[in-house]
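Listed here are the chains, written in short residue letters.
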Amino acid sequence: MTASLNTPEVLLEIKDIKKYYPVYKGLFKKEVGQVKAVDGVSVYVRRGETLGLVGESGCGKTTLGKCLVRLHMPTSGEMLYNYGRSESSNGSAQLRDILTLTRHESFEVRKRIQIVFQDPYSSLNPVKTIYASFDEPLRIHGMGSKSQRKEIIAQVLESVNLRSDYMYRYPHEFSGGQRQRICIARALCIQPELMVCDEPVSALDVSIQAQVLNLMKDLQRQLNLTYIFIAHDLSVVKYMSDRIAVMYLGQVVEIAASDSLYASPQHPYTEALLSAVPTPELDRPKERIVLKGEVPSPIDPPKGCRFHPRCSKCEAICRTEAPTLRRVAGAKDHYVACHLADTLPTML
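Every chain is numbered on its own, with residues counted from 1 as its sequence reads. Confidence filtering applies because this is a predicted model: local features only for residues at pLDDT of at least 70, side-chain atom pairs given and counted only at 80 or more, and all residues used for totals across whole chains, interfaces and linings. Side-chain measures here rest on the full set of heavy atoms in the structure, leaving out hydrogens and waters.

Note the following rule: UniProt positions are given in the numbering used here, feature names are shortened, and annotations may be inferred rather than shown by experiment.
With an unreviewed UniProt entry as reference, the protein is termed Dipeptide ABC transporter ATP-binding protein, source organism Paenibacillus cremeus. What UniProt records for the protein under Sequence similarities (unreviewed entry) is the sentence "Belongs to the ABC transporter superfamily."

As structure tokens, this is what we get:
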């Protein structure tokens, strides 16, 4: 699936991103295979929207998120970033593949793209004050004098509903919810455009989760932030996301607007995931779809459709031919990789 980056609303488009990890064995550490953690993912995210990533553990969500911020370098593929409109006469978008940038050019991208990790307890250095953790990235990126940086830290802490004098405390002095808000504030302090949120509330109590999610939505409106939101909880993803991409075994199997995906899932795997979401309607029990078997190994994925060993609707073509993302017939922005779905003959 591709999008035109010549329109200002598209901020980042990734094309056929792959991330393989070598597998070594034996005394001489001979490479015997590769873990295909991310295997040909192509998605885009518009400026100001939230793209959700969902799937089982091990499907490649976190690996993809780390590739986006270049904590892991992809094995192959492109990541085209929209720097905004150029000052030339035609005013076309300035597009760069951020995987090809030099070390010096990468500093600008690192300001624009930040990540919030899953565990707030290990995301902060326990021997550094909050001020020290915040001041280091500000100083590295040359954002003001010492007094100006202190003012920035105070403002960003207040933006996440924490007192400015908290900057002189250590991480162990805060609760889990406060630590996660501190992590969000640290990501915001260098004024990013895109934030990769890797299960930012999964380690928090349910009541605290709601506070953090509402805070993130408020910050998005105020600062025009773009989120890539990675999570297991499908209810949380629906609440946060404008569009949702479903991943299975390193590949995107379905992507659609949030309401469209939940109302009319087209892929059998998506149907199974949504059937596990609890419903508050006691008089309308939901039929649970239980998948058979285990997730195949990413070292040796099945031929054809990767989901076919667990799919109750599997046909002969599913075992031999890998499906590609195609637009669902009658839907504007709904794509699915399934031979049995009602799709158009070409991807639009």
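Once the structure has been displayed, the description carries forward.
## Some words on unusual backbone geometry
Note the following rule: Note on conventions: DSSP H or I runs of at least 4 residues are helices, E runs of at least 2 residues are strands, and numbering of each starts at the N terminus. Working definition: with a 1.4 Å probe on protein chains only, accessible area under 20% of the residue-type maximum means buried, over 50% means exposed, and in between means partly exposed.
Here the phi dihedral of Glu199 falls at roughly 45°; this positive angle occurs in a residue that is not glycine. Here Glu199 is to be found in the loop between strand 7 (194–198) and helix 6 (206–223). A positive phi angle is found at Leu249, which is not glycine, with a value near 55°. Given a relative accessible area of 3%, Leu249 falls into the buried group.

## Considering the packing of aromatic side chains
To describe a pair of aromatic rings, one takes the distance between the centres and the angle between the planes. Our working rule: A pair of Phe, Tyr and Trp rings is counted when the ring centres sit within 6.5 Å of each other, with Trp represented by its six-membered ring. The angle between the planes then sorts it: under 30 degrees is stacked, over 60 is edge-to-face, the rest tilted.
Inspection of the entire model under this criterion finds five aromatic pairs. Arranged with centres 5.2 Å apart and planes meeting at 90°, the rings of Tyr248 and Phe307 form a pair that is edge-to-face. Of this pair, Tyr248 sits in strand 9 (residues 243–248) while Phe307 sits in the loop between helix 9 (268–275) and helix 10 (316–320); the two residues are 59 residues apart in sequence, bridging distant segments of the chain. Here Tyr248 and Phe307 have matching classes, each one buried. Pairwise contacts between aromatic rings join Tyr248, Tyr269 and Phe307 into one cluster.

## Overview of empty space enclosed by the protein
Put simply, the rule reads: Definitions used throughout: a 1 Å grid over protein atoms alone; a cavity as a set of points that fits a 1.4 Å probe which cannot get out; a pocket as an open set with protein on both sides within 12 Å along at least five of seven lines; a lining residue as one with an atom within 4 Å of a point. Grid points are joined across faces, edges and corners, and a volume is the space filled by probe spheres set on the points. Any residue that is not Ala, Val, Leu, Ile, Met, Phe, Trp, Tyr, Cys, Pro, Asp, Glu, Lys or Arg is counted as polar, Gly included; the first ten are nonpolar and the last four charged.
By the definition in use, this model includes two cavities of 30 Å³ or more. Approximately 80 Å³ is the volume found for the largest cavity. Lining the largest cavity are 13 residues, with Pro268, Cys305, Cys311, Cys318 and Cys338 sitting closest to its centre. Here the residues of the lining of the largest cavity sort into nine nonpolar, three polar and one charged. Every residue along the wall of the second largest cavity is listed here: Leu12, Glu13, Ile14, Val43, Tyr44, Val45, Leu51, Leu53, Leu64, Leu68 and Ile228. Secondary structure elements with two or more residues in the lining of the second largest cavity: strand 1 (10–25), strand 2 (30–46), strand 3 (50–54) and helix 1 (61–68). Across the lining of the second largest cavity, the residue classes break down as ten nonpolar, no polar and one charged.

## So, the nonpolar core
Here is the rule we go by: Throughout this description, the term nonpolar core refers to a set of buried Ala, Val, Leu, Ile, Met, Phe, Trp, Tyr and Cys residues connected via side-chain atoms within 4.5 Å. Whether two residues are in contact is decided by their heavy atoms: any pair within 4.5 Å suffices.
In terms of nonpolar packing, the biggest core is built from 59 residues, with Phe134, Ile184, Met195, Met216, Leu219, Tyr227 and Phe229 touching the most fellow members. Looking at this core element by element, the count peaks at six residues for helix 5 (residues 176–188). Excluding anything up to four places from it in sequence, Phe134 contacts Ile153, Val156, Leu157, Ile182, Ala185, Arg186 and Cys189. Counting 34 residues, the second-largest nonpolar core is a separate cluster that includes Leu12, Val45, Leu99 and Ala337.

## Considering the pattern of salt bridges
For clarity, the cut-off: The term salt bridge refers to a pairing of a side-chain nitrogen on Lys or Arg with a carboxyl oxygen on Asp or Glu at a separation within 4 Å.
Applying the stated rule across the entire model yields 15 salt bridges. Glu193 is the salt-bridge partner of Arg47, the closest N and O atoms lying 3.4 Å from each other. A residue pair is termed long-range when its members are at least 10 positions apart, and Arg47 in the loop between strand 2 and strand 3 and Glu193 in the loop between helix 5 and strand 7 qualify at 146 residues. For Arg47, a relative accessible area of 28% translates into the label partly exposed. Among the residues examined, Glu193 registers a relative accessible area of 23% and is labelled partly exposed. A salt bridge links Glu56 to Arg310, with the shortest nitrogen-to-oxygen separation between them at 3.1 Å. Of this pair, Glu56 sits in the loop between strand 3 and helix 1 while Arg310 sits in the loop between helix 9 and helix 10, placing them 254 residues apart in sequence. Its relative accessible area of 23% is what places Glu56 among the partly exposed residues. A network of salt bridges, in which partner residues are shared, links Arg46, Glu49, Arg243 and Asp333.

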